[in-house]
Amino acid sequence: VCSSDLIIFIAAGSSTRLGTKTLNFPKGLIKINNNSIIGTQLELFNKSDDIVIITGPNADKFNFKNVTYINDTNHKKHDVLGSLMVAKSHMNNEIVTTYSDIIFDEKILNSIMEFKGDIGIAVELNWEKRYINRDQHPKSEADNVIIHNGEILKIKKNISESKDDQIIGEFIGLMKLSKEGAKIFKNKYSELEKTHEGKFHNAPSLERAYLTDMLQELINSGLKISPIIINGSWCEIDTPQDIEIAKKNFK
């Protein structure tokens, strides 16, 4: 389906909401019908030049072929952003990053691949409908964005109010960086590692930051983060209820 220089899966987290299913097992390897979450994504990415999977606990459970594995040995000390930056030496060309707990269709992937800006993130505008009958993962936990004139102004959980000419959407976990975008992202992170102290946006520290915190930092630094508006089917798998929803939607 796609050809990008590098696809990075961030799969270093340890999931607690799925209970015994992920006790000694990476969430990205949970089966949705006949394939794992990551396996389903890999089928879409089959023509890519390079696949990197960043692993954390239970790295030995991964056995995909033609994949570069990078183990995040400090996964207990940091969150999604820190895990992604374990792969920074690979981030030299166009990149797509994805969370390991989302499933999406080819339509969404095509929107990502067609994006030509420096930094773009996948956003669903009709997002609230996905939280109907999803009581184990309330709407307040959505990674929301505020969009104005084709740019993202704000990204954080639970944005409920915006001005009349602004749109609220949901970031679904896919990001695309051009070669220049990857350089900007890495350079900003290196600068922060040297200079930043204390709280970092919605995280207690840079070490504990999410990808969304870093995106807000880039916005605050005057960089343009573009919404890649998606129209397709996708699911986040965070709770037992989500597994059942995904099984229905991705047969």
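First things first, this report covers the structure right here in the doc. (Residues numbered from 1 in each chain as written. Predicted model: local features only at pLDDT ≥ 70, side-chain atom pairs only at ≥ 80, totals over all residues. Heavy atoms only, no water.)

## A look at unusual backbone geometry
Residues other than glycine predominantly adopt negative phi, and peptide bonds predominantly adopt the trans conformation. Where we set the bar: Helix and strand definitions follow DSSP, with helices as H or I runs of at least four residues and strands as E runs of at least two, each counted in order from the N terminus. Exposure categories follow from relative accessible area, calculated using a 1.4 Å probe and restricted to protein chains: below 20% of the type maximum is buried, above 50% is exposed, and the middle band is partly exposed.
Look at Asn33: it is not a glycine, yet its phi comes out positive at around 60°. Here Asn33 lies in the loop between β2 (31-32) and β3 (35-36). Positive phi values are uncommon outside glycine, yet His201 reaches one of about 55°. Relative to the helices and strands, His201 is located in the loop between α4 (179-195) and α5 (211-220). Classification of His201 by relative accessible area gives partly exposed; the value is 23%.

## What to know about the packing of aromatic side chains
Counted only if it meets this: Note on aromatic contacts: the rings of Phe and Tyr and the six-membered ring of Trp form a pair at centre separations within 6.5 Å, being stacked when their planes are under 30 degrees apart, edge-to-face when over 60 apart, and tilted otherwise.
This structure, assessed with the given rule, holds five aromatic pairs. Ring centres of Phe45 and Phe104 lie 6.2 Å apart, and the angle between their planes is 70°; on these two criteria the pair is classed as edge-to-face. Separated by 59 residues along the polypeptide, Phe45 in the loop between α1 (37-44) and β4 (51-55) and Phe104 in strand β7 (residues 102-104) bring together distant segments of the chain. Residues Phe45 and Phe104 agree in their burial class; the two are buried. Where Trp127 meets Tyr131, the ring centres are 6.1 Å apart and the plane angle is 80°; that geometry is what we call edge-to-face. Using a relative accessible area of 5% as the deciding quantity, one classes Trp127 as buried. When its relative accessible area of 9% is taken as the criterion, Tyr131 is described as buried.

## Describing a nonpolar patch on the surface
This is how the line gets drawn: Distance thresholds for patches are 9 Å for like charges and 5 Å for nonpolar side chains (Val, Leu, Ile, Met, Phe, Trp, Tyr), applied to residues having over 30% relative accessible area and no salt bridge. Per-residue and other accessible areas follow the Shrake-Rupley method at a 1.4 Å probe size, with only the shown protein chains counted as cover for residues. For salt bridges, the criterion is a side-chain nitrogen of Lys or Arg within 4 Å of an Asp or Glu carboxyl oxygen.
A cluster of nonpolar residues, Leu125, Ile167 and Ile229, forms a patch on the protein surface that exposes about 230 Å² of accessible area. Judged by relative accessible area, Ile167 falls into the partly exposed class, the value being 43%.

## Description of helix α6 (residues 240-249)
Residues spaced three or four apart along an α-helix point in a common direction, a consequence of the helix completing one turn every 3.6 residues. Condition: The contact definition used throughout considers only heavy atoms, calling two residues in contact when any of these lie within 4.5 Å.
For α6, the set of buried residues is Gln241, Asp242, Ile243 and Ala246. For α6, the secondary structure elements touched by its buried residues are β2 and β13 (234-236).

## So, the environment of Ser221
This is how the line gets drawn: Any N or O atom pair separated by 3.5 Å or less is treated as a polar contact, with the protein-specific requirement of one donor-capable and one acceptor-capable atom, and with residues adjacent in sequence counted only for side-chain atom pairs.
Considering the arrangement of structural elements, one finds Ser221 in the loop between α5 and β12 (226-229). At 3.3 Å, the side chain of Ser221 forms a polar contact with the side chain of Lys188.

## Some remarks on α4
Put simply, the test is: For a helix, the expected span equals 1.5 Å multiplied by the residue count minus one. It is the directions from the helix axis to the C-beta atoms whose arc is reported.
With 17 residues, α4 should reach 24 Å at 1.5 Å per residue; the first-to-last C-alpha distance of 25 Å fits that figure. Among all positions in α4, only Gly181, Ala182, Phe185, Lys186, Lys188, Tyr189 and Leu192 are buried. The buried residues of α4 occupy an angular sector of 160° when the element is viewed end-on, so they sit on one face. Within α4, the exposed residues directed more than 90 degrees away from the buried face are Lys179, Lys194 and Thr195. Tucked into the core, α4 has its buried residues touching α2 (80-85), β6 (95-99), β8 (119-124), β11 (167-177) and α5.

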